[in-house]
Amino acid sequence: MKNFFERNEKIFNLKDLDRDLLLYRVMPRFVLEIIRKYFRLQVEGEENIPKRGRAIVVPNHSGYAGFDAFMLGNEIRNRRARIPRILAHHLWFINKTTAIPLEKMGITEATTNNGLALLKKNNIIILFPEGEYGNFKPIKQRYRLQDFKRGFVRMAILTGSPIIPTVVIGAEETHITLKQLKFTKYLVGTVLPVPLNVIPLPAKWKIKFLKPVHLDYPPSAADDKALVHKISRQIRDLIQFQIDQELRKRSYIYIR
């Protein structure tokens, strides 16, 4: 089944829709439109999302519920009439209960092979280099970027894809994490959040797509660990700088 970001779709008669179509295409769009109004979402830099061709959208990750991924996907679809594919953490795909609904909504497990396959088909992909350490970080570390995994740089070099650094402001205060639980015995390397709230708080959101970064390197450069690390750090520093700039301009969070 096609995912719920399919563009130019018109639905005229809900009673004629089957259950999967209603659950995984109609309802998510409806809910996301309500959520974007609830968050009073502001978007800048939509012109930096290409109208055609492959690209890698690389945002900061925050708010344990993962609203940022869905909001980004919805905005790209609405504003550029494109179908972005979201790469999500493998924990969501370890059983069918979560894996099947996510796949029906166009969300794919975050692996290098999956990312490369999507890019080679000229898709826009959204991935979060911080992984779970970003959206599960405690509120005392809000808007401080965690270490970046570097697979996105290798994907960009191997496929010639531009990287679009992206800033998301507001998710940190929407779903607040008090602290992280880190597992060192049975689930080594796994972290889980201890949330303050389940109902999302009405923080004002802003999404800002920055200018694309083009990497003019041959595919063999993807094996240069020093180069890949350097580029990853530069992208991380750029996003952190823009986050800091946006926070200085923000005069309110939950009001207005």
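Quick caveat, the model's predicted, so the values are computed rather than measured. (Residues numbered from 1 in each chain as written. Predicted model: local features only at pLDDT ≥ 70, side-chain atom pairs only at ≥ 80, totals over all residues. Heavy atoms only, no water.)

Trainee: For this particular structure, what's the right way to read helix 8 (residues 225-249)?
Mentor: One full turn of an α-helix is made of 3.6 residues, so residues set three or four places apart face in the same direction. Across its 25 residues, helix 8 extends 37 Å between first and last C-alpha, which sits within 8% of the 36 Å expected from 1.5 Å per residue. Within the span of helix 8, buried status applies to L227, V228, I231, S232, I235, R236, I239, Q240, Q242, I243, D244 and E246. The N-capping residue of helix 8, defined by a side-chain oxygen 3.2 Å from the backbone nitrogen of A226, is D224. (Helix = DSSP H or I, 4+ residues; strand = E, 2+ residues; numbered from the N terminus. Expected span 1.5 Å × (residues − 1). Buried < 20%, exposed > 50% of the residue type's maximum accessible area, 1.4 Å probe, protein only. Polar contact = N/O pair within 3.5 Å; in protein donor to acceptor, adjacent residues only side chain to side chain.)

Trainee: Would you mind going over unusual backbone geometry with me for this structure?
Mentor: Even without glycine at this site, A81 takes up a positive phi of about 55°. Assignment of secondary structure puts A81 in the loop between helix 2 (67-80) and strand 3 (85-88). The phi dihedral of N122 falls on the positive side, at around 65°, and the residue is not glycine.

Trainee: Help me out: how do you make sense of the sheet that holds strand 2 (residues 55-59) in this one?
Mentor: Whether parallel or antiparallel, the strands of a sheet pair through hydrogen bonds between backbone atoms. Spatial strand order, 1-9-6-2-5-3-4: seven strands in an open sheet with mixed pairing. Strand pairing shows two members of the sheet lacking a second neighbour, strand 1 (42-44) and strand 4 (107-109), which therefore form its edges. Adjacent strand axes in the sheet meet at a mean angle of 25° when their direction is disregarded. Where helix 8 meets the sheet, it contacts strand 2, strand 6 (163-169) and strand 9 (206-209), and its direction lies at approximately 30° from that of strand 6. (Pairing = 2+ DSSP bridges. Axes fitted to C-alpha atoms, helices over the stretch in contact; angles between N-to-C directions. Contact = heavy atoms within 4.5 Å.)

Trainee: How should the environment of Q180 be read in this particular structure?
Mentor: Tracing the sequence through the fold places Q180 in strand 7 (residues 177-182). Each C-alpha atom, one on Q180 and one on P138, is 6.4 Å from the other, the two residues being 42 residues apart in sequence. Polar contacts involving the side chain of Q180 include one to the main-chain carbonyl oxygen of F136, which spans 3.1 Å.

Trainee: Any chance you could explain the packing of helix 4 (residues 112-120) against helix 6 (residues 151-159) here in plain terms?
Mentor: In helix packing, the relevant descriptors are the interaxial angle and the interaxial distance, both defined with respect to the helix axes. One way to put it is that helix 4 packs onto helix 6 with a least axis distance of 10 Å and a crossing angle of 35°. You can see that helix 4 and helix 6 cross each other, and the crossing is right-handed. Here T112, G115, L116, L119 and K120 of helix 4 come into contact with helix 6, specifically with M155, L158 and T159. Taken together, the residues that form the contact of helix 4 with helix 6 break down as four nonpolar, three polar and one charged. (Left-handed = near helix turned anticlockwise from the far one by under 90°. Nonpolar A, V, L, I, M, F, W, Y, C, P; charged D, E, K, R; others polar.)

Trainee: Sorry, what's going on with the nonpolar core here?
Mentor: Side chains that are nonpolar tend, in soluble globular proteins, to be buried together. I56, I125, F152, I157 and I239 are the most contacted members of the largest nonpolar core, which totals 28 residues. At the level of elements, strand 2, helix 4, helix 6, strand 6 and helix 8 are the ones that each hand at least two residues to this core. Aside from chain neighbours lying at most four places away, what touches I125 is A55, I56, V57, R85, L87, G115, L118, L119 and M155. In terms of nonpolar packing, the next biggest core, distinct from the first, is built from 27 residues, V57, L72, I126 and F128 among them. (Core = buried A, V, L, I, M, F, W, Y, C linked by side-chain atoms within 4.5 Å.)

Trainee: Sorry if this is basic, but what is going on with helix 6 here?
Mentor: The set of residues buried in helix 6 consists of F152, V153, M155, A156, I157 and T159. In this fold, the buried residues of helix 6 make contact with strand 2, helix 4, strand 5 (124-126), strand 6 and helix 8. At the C-terminal side of helix 6, G160 shows a positive phi close to 65°.

Trainee: Help me understand the side chain of R85 in this model?
Mentor: Along the chain, R85 falls in strand 3. Taking relative accessible area as the criterion, R85 reaches 19% and is therefore assigned buried. For R85, the side chain forms a polar contact with the side chain of T108, separated by 3.4 Å.

Trainee: Would you explain the packing of helix 6 against helix 8 in this entry?
Mentor: As a packed pair, helix 6 and helix 8 sit with axes 9 Å apart at the nearest point and diverge in direction by 110°. As far as their axial angle goes, helix 8 and helix 6 are roughly perpendicular. From helix 6, F152, V153, R154 and I157 reach across to helix 8, where they touch V228, I231, S232 and I235. (Parallel < 35°, antiparallel > 145°, perpendicular 65-115°, else oblique.)

Trainee: Sorry if this is basic, but what is going on with the packing of aromatic side chains here?
Mentor: To describe a pair of aromatic rings, one takes the distance between the centres and the angle between the planes. If you walk through the whole model with that rule in mind, you get four aromatic pairs. Arranged with centres 5.4 Å apart and planes meeting at 50°, the rings of Y38 and F39 form a pair that is tilted. The interplanar angle of 5° and the centroid separation of 4.8 Å between the aromatic rings of F39 and W205 together place this pair among those described as stacked. Linking F39 in the loop between helix 1 (19-38) and strand 1 with W205 in the loop between strand 8 (191-195) and strand 9, this pair joins segments that are 166 residues apart in sequence. Comparing F39 with W205 shows no difference in burial state: the two are buried. These aromatic residues form a ring-pair network of at least three members: Y38, F39, F67 and W205. (Phe/Tyr/Trp six-rings, centres within 6.5 Å; stacked < 30°, edge-to-face > 60°.)

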